Amino acid sequence: MKAIDRRFRFALLSAVARALLFSSTAIALPEKAAAAPRGKPPTVAEAKAFVDGAEAKLMELAVEASRAGWVQSTYITDDTEILAAKANERAINAGVEYAKKAVRYDNLKLPLDVARKMLLLKLGLTLAAPSDPREAEEVTRLAAAMEGEYGKGKYCPRKDKCLDLQDITKIMAESRDAAQLLDVWRGWHTISVPMRPEYQRFVELANKGARELGFADSGAMWRSKYDMPPDAFAKEVDRLWEQLKPLYLSLHAYVRWKLREKYGDMVPANGPIPAHLLGNMWAQDWSNVFDLVKPPEADPGFDLTKILKAKNIDAKEMVRYGERFFTSLGFEPLPPTFWDRSLFVKPRDREVVCHASAWDVDNVNDLRIKMCIEPTAEDFTTIHHELGHNFYQRAYNTKPGLFRDSANDGFHEAVGDTIALSITPEYLVKIGFLDRAPDPSKDIGLLLSRALEKLAFLPFGLIVDQWRWKVFSGEVAPANYNQAWWDLRTRYQGIAPAVARSENDFDPGAKYHVPANVPYTRYFLAAILQFQFHRALAQAAGCTGPLHRCSIYGSKEAGKKLDTMLQMGLSRPWPDALEAISGQREMDATAIRDYFAPLQKWLDEQNKGKPMGW
Ligand SMILES: [Zn+2]
């Protein structure tokens with residue numbers, strides 16, 4: 001997941017003008033909150049002045065936080081960390097304050113754009129602190145403590161030997177020794193045990209804050225960001241999963257059988273796959289077991305990494321290739337400041353955050369990427385992905401500040417990934433990297449490796465918030481935290497822990513986004529939307545071949561469609577943006593099935609006579 005790391009994203013919110021239509025169910029405000037504090041009820045003019053003021057102030061603080069964040073990420077010292085944290089805190093505190101004040105205008109009939117901004121102010125929070133100052137202090141302290149415990153988490157197999165997550169990730173990816181894999185898997189899951197009582201208290205307080213803003217609970221607050229009532233959104237997610245299930249089941253059955261060949265009876269013939277054998281701590285990306293499951297004819301016949309090295313293409317030139325992808329679609333070139341201010345290579349003299357990210361520092365035209373580029377196929381793809389963020393950011397930069405974000409939080413990541421899907425062998429031919437594209441008979445390897453990354457992720461992308469929604473709503477009681485987590489993981493992912501778990505454990509806490517309180521459904525949505533975008537743009541580009549062989553490179557028609565959607569930013573409900581690019585107003589997972597259709601056919605042949613499901 002390449003993060004779009006704009007530090008404080010005040011416009012991170014997804015939108016909800018549409019929710020106005022359902023306001024009685026979507027945002028049921030408690031009596032207390034709806035009543036004006038004292039004196040005269042507020043007027044529409046006051047509401048407008050309030051929103052304008054909030055927008056201007058938040059924009060100013062966001063730019064300040066962005067500048068501090070950029071310096072911190074590209075020059076890590078104790079001082080830059082403190083300065084960045086301070087700037088973030090100022091921006092976040094202002095966001096919280098405006099969200100609470102916005103409640104005062106709830107009963108007014110406002111012009112549509114003012115109403116939408118008012119909602120965005122309230123929905124910008126992922127954590128609503130209660131108004132009691134002691135409780136507010138407690139909940140922010142708990143949040144920081146849990147994130148800190150995760151960040152410092154280590155597993156020490158011996159007194160003198162400790163492994164951090166980076167070490168463990170490498171072992172999970174590379175080791176084929178089941179005993180070692182299980183050992184580090186168990187070890188990492190001990191780091192979250194102390195979080196369990198903290199998380200329970202955190203949920204109580206976060207819910208209290210969310211209720212003060214008028215939401216049923218914190219989970220309902222998160223689900224309110226999708227231009228529909230929170231329960232309807234939950235149903236949408238279920239519907240999308242039903243579309244995907246047959247494809248996932250085929251992949252699961254095939255991988256289980258191949259892992260059984262490798263590990264024997266440890267992998268059951270028709271039960272869930274042991275969670276530690278899939279090459280990733282959370283079994284959310286199975287790319288690392290490609291070598292165990294790949295068919296003999298998997299070699300696509302070329303190696304992009306080798307090509308980049310042979311041609312001596314340096315970091316900046318790799319980014320130029322990415323830029324040319326966008327100009328080929330009709331977009332303007334990147335501004336000169338992009339080339340002056342971006343960080344493309346790892347500096348030799350100082351610490352930087354190498355995790356790739358895209359920035360728009362002044363929220364207008366100060367676009368940058370920050371990446372420690374190596375001449376590899378992976379980085380070549382990531383550059384295209386990151387530039388997707390930059391071109392999105394520039395496209396919506398004439399919209400009011402609160403609307404300068406993607407249509408919902410799945411869209412930003414989906415755009416970058418959509419572009420990356422166009423890095424096909426045919427594209428490599430067009431830019432002179434290959435003389436001719438390999439024969440389509442080589443495609444199964446390519447598709448399988450992509451499926452291990454993108455398809456295997458989908459159920460995990462779903463369950464992290466399924467679990468939290470149930471925890472926040474009280475459907476899952478604290479006494480059942482861990483059992484409920486594994487019930488979901490087994491039901492959707494078809495995986496199970498290889499060692500007994502109990503309610504002394506807190507396995508959800510061993511995934512960053514839980515202690516850090518970052519919503520996760522956006523990744524599930526992005527995984528679905530990118531294929532829907534790709535299918536629509538490929539059609540616009542006139543591509544009639546199989547979807548995985550379509551590249552939109554050079555198509556002004558596809559570029560125009562994409563640009564129409566990008567320019568809308570967050571100003572309209574996301575179905576409008578989706579319609580602009582795809583002609584559809586609903587998210588639709590059939591595009592993934594179209595994309596992987598040749599793989600599905602191949603998998604079904606391999607799976608003949610083998611058990612499916614668990
Ligand atoms: Zn990204």
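Above this note sits the structure.
None of these values were measured; they are calculated from a predicted model.

**A closer look at the state of the cysteines**
Applying the stated rule across the entire model yields three disulfides. Two residues share a disulfide in this structure: Cys354 and Cys372, whose sulfurs sit 2.0 Å from each other. The disulfide joining Cys354 to Cys372 has a torsion of about -80° about its S-S bond and is therefore left-handed. Separated by 18 residues along the polypeptide, Cys354 in the loop between helix 15 (336–341) and strand 4 (357–360) and Cys372 in the loop between strand 5 (367–370) and helix 16 (377–395) bring together distant segments of the chain. Each sulfur in the disulfide pair Cys543 and Cys550 lies 1.9 Å from the other. Residues Cys543 and Cys550 are joined by a disulfide whose S-S torsion is about -80°; by sign, that bridge is left-handed.

**Considerations on the pairing of strand 4**
With burial as the criterion, each face of strand 4 is covered, one bearing Ser357 and Trp359 and the other bearing Ala358 and Asp360. Hairpin connection from strand 4 to strand 5: six residues lie between these consecutive antiparallel strands, with Asn363 at a positive phi of about 60°.

**Examining the pattern of salt bridges**
Where charged atoms from two side chains of opposite charge come close, those side chains can pair. Tallying each qualifying case throughout the model produces 41 salt bridges. Residues Glu174 and Lys170 are paired through a salt bridge, measuring 3.3 Å at the closest nitrogen-oxygen approach. Here Glu174 and its partner Lys170 are both found in helix 7 (residues 165–174), four residues apart, which amounts to about one turn of the helix. Classification of Glu174 by relative accessible area gives exposed; the value is 52%.

**Focus: helix 22 (residues 556–568)**
Here helix 22 contains 13 residues, and its C-alpha end-to-end distance of 19 Å stays within 8% of the 18 Å for a straight helix at 1.5 Å per residue. Along helix 22, the residues classified as buried are Ala558, Gly559, Leu562, Met565, Leu566 and Met568. Elements that come into contact with the buried residues of helix 22 comprise helix 16, helix 17 (411–421), helix 21 (521–540) and helix 23 (574–582). Two residues or fewer after helix 22 comes Gly569, characterised by a positive phi angle close to 55°.

**Digging into the environment of Asp576**
Here Asp576 is to be found in helix 23. Excluding its chain neighbours within four sequence positions, the residues that come into contact with Asp576 are Met568 and Arg585.

**Re the pairing of strand 5**
Of the two faces of strand 5, the one holding Leu367 and Ile369 and the one holding Arg368 and Lys370 are both buried throughout. In the sheet, strand 4 pairs with strand 5 via four bridges, with the strands oriented antiparallel. Considered in strand 5, the bridge of Trp359 is made with Arg368.

**Digging into the nonpolar core**
Judged by nonpolar contacts, the single largest core of 169 residues is most densely connected at Tyr199 and Phe380. Counting residues per element, this core draws most heavily on helix 19 (residues 443–473), which supplies 17 residues. With residues up to four places along the chain from it excluded, the contact list for Tyr199 reads Met146, Trp467, Arg468, Val471, Phe472, Tyr481, Phe506 and Val514. Counting 20 residues, the second-largest nonpolar core is a separate cluster that includes Ala54, Val114, Ala115 and Phe403.

**Some details on the packing of helix 19 against helix 20 (residues 481–493)**
Where helix 19 meets helix 20, the closest approach of the two axes is 10 Å, and the angle between their N-to-C directions is 150°. Judged by the angle between their axes, helix 19 and helix 20 are roughly antiparallel. Of the two elements, helix 19 crosses helix 20, and the hand of that crossing is right-handed. Each of Pro459, Phe460, Leu462, Ile463, Val464, Gln466, Trp467, Lys470 and Val471 in helix 19 lies in contact with helix 20, whose residues at this interface are Tyr481, Ala484, Trp485, Leu488, Arg489, Tyr492 and Gln493. Of the residues that constitute the contact of helix 19 with helix 20, the class distribution is twelve nonpolar, two polar and two charged.

**Observations concerning the packing of helix 19 against helix 25 (residues 597–606)**
A packed helix pair is summarised by two numbers, namely the angle formed by the two axes and the spacing between the axes. Helix 25 packs onto helix 19 with a crossing angle of 95° between their chain directions and a minimal axis gap of 9 Å. Relative to helix 25, the element helix 19 lies roughly perpendicular. Contact with helix 19, carried on its side by Ile444, Leu447, Leu448 and Ala451, involves Pro598, Leu599 and Trp602 of helix 25 and no other residues of that element.

**What to know about the packing of aromatic side chains**
Enumeration over the complete set of coordinates arrives at 43 aromatic pairs. Ring plane angle 65° and centroid distance 5.8 Å describe the contact between Tyr254 and Trp257, whose orientation is recorded as edge-to-face. Taken as a pair, Tyr254 and Trp257 lie in helix 11 (residues 230–263) at a separation of three residues, close to a single helical turn. Judged by relative accessible area, Trp257 falls into the partly exposed class, the value being 24%. A centroid spacing of 6.1 Å and a plane angle of 75° characterise the contact between Phe326 and Phe331, whose relative ring orientation is edge-to-face. The buried category is assigned to Phe326, whose relative accessible area is 1%. Taking relative accessible area as the criterion, Phe331 reaches 10% and is therefore assigned buried. Each member of the aromatic cluster is reached from another via a ring pair, and the members are Tyr199, Phe202, Trp467, Tyr481, Trp485 and Phe506. The ring of Trp469 has Arg223 sitting right over it, with the charged end atom 4.9 Å from the ring centre.

**Some thoughts on the environment of Asn288**
Note that Asn288 resides in the loop between strand 3 (273–274) and helix 12 (290–293). Among the residues examined, Asn288 registers a relative accessible area of 34% and is labelled partly exposed. A sequence separation of 116 residues divides Asn288 from Met172, and the C-alpha atoms of the two residues are 8.5 Å apart. Residues contacting Asn288, with those up to four places away along its chain left out, are Ala173, Arg176 and Gly279. Among the polar contacts made by the side chain of Asn288, one reaches the main-chain carbonyl oxygen of Gly279 at a distance of 3.0 Å.

Parameters at a glance
Residues numbered from 1 in each chain as written. Predicted model: local features only at pLDDT ≥ 70, side-chain atom pairs only at ≥ 80, totals over all residues. Heavy atoms only, no water. Disulfide = S-S within 2.5 Å. Helix = DSSP H or I, 4+ residues; strand = E, 2+ residues; numbered from the N terminus. Buried < 20%, exposed > 50% of the residue type's maximum accessible area, 1.4 Å probe, protein only. Pairing = 2+ DSSP bridges. Salt bridge = Lys/Arg side-chain N within 4 Å of Asp/Glu carboxyl O. Expected span 1.5 Å × (residues − 1). Contact = heavy atoms within 4.5 Å. Core = buried A, V, L, I, M, F, W, Y, C linked by side-chain atoms within 4.5 Å. Axes fitted to C-alpha atoms, helices over the stretch in contact; angles between N-to-C directions. Parallel < 35°, antiparallel > 145°, perpendicular 65-115°, else oblique. Left-handed = near helix turned anticlockwise from the far one by under 90°. Nonpolar A, V, L, I, M, F, W, Y, C, P; charged D, E, K, R; others polar. Phe/Tyr/Trp six-rings, centres within 6.5 Å; stacked < 30°, edge-to-face > 60°. Lys NZ or Arg CZ within 6 Å of the ring centre and 35° of its normal. Polar contact = N/O pair within 3.5 Å; in protein donor to acceptor, adjacent residues only side chain to side chain.

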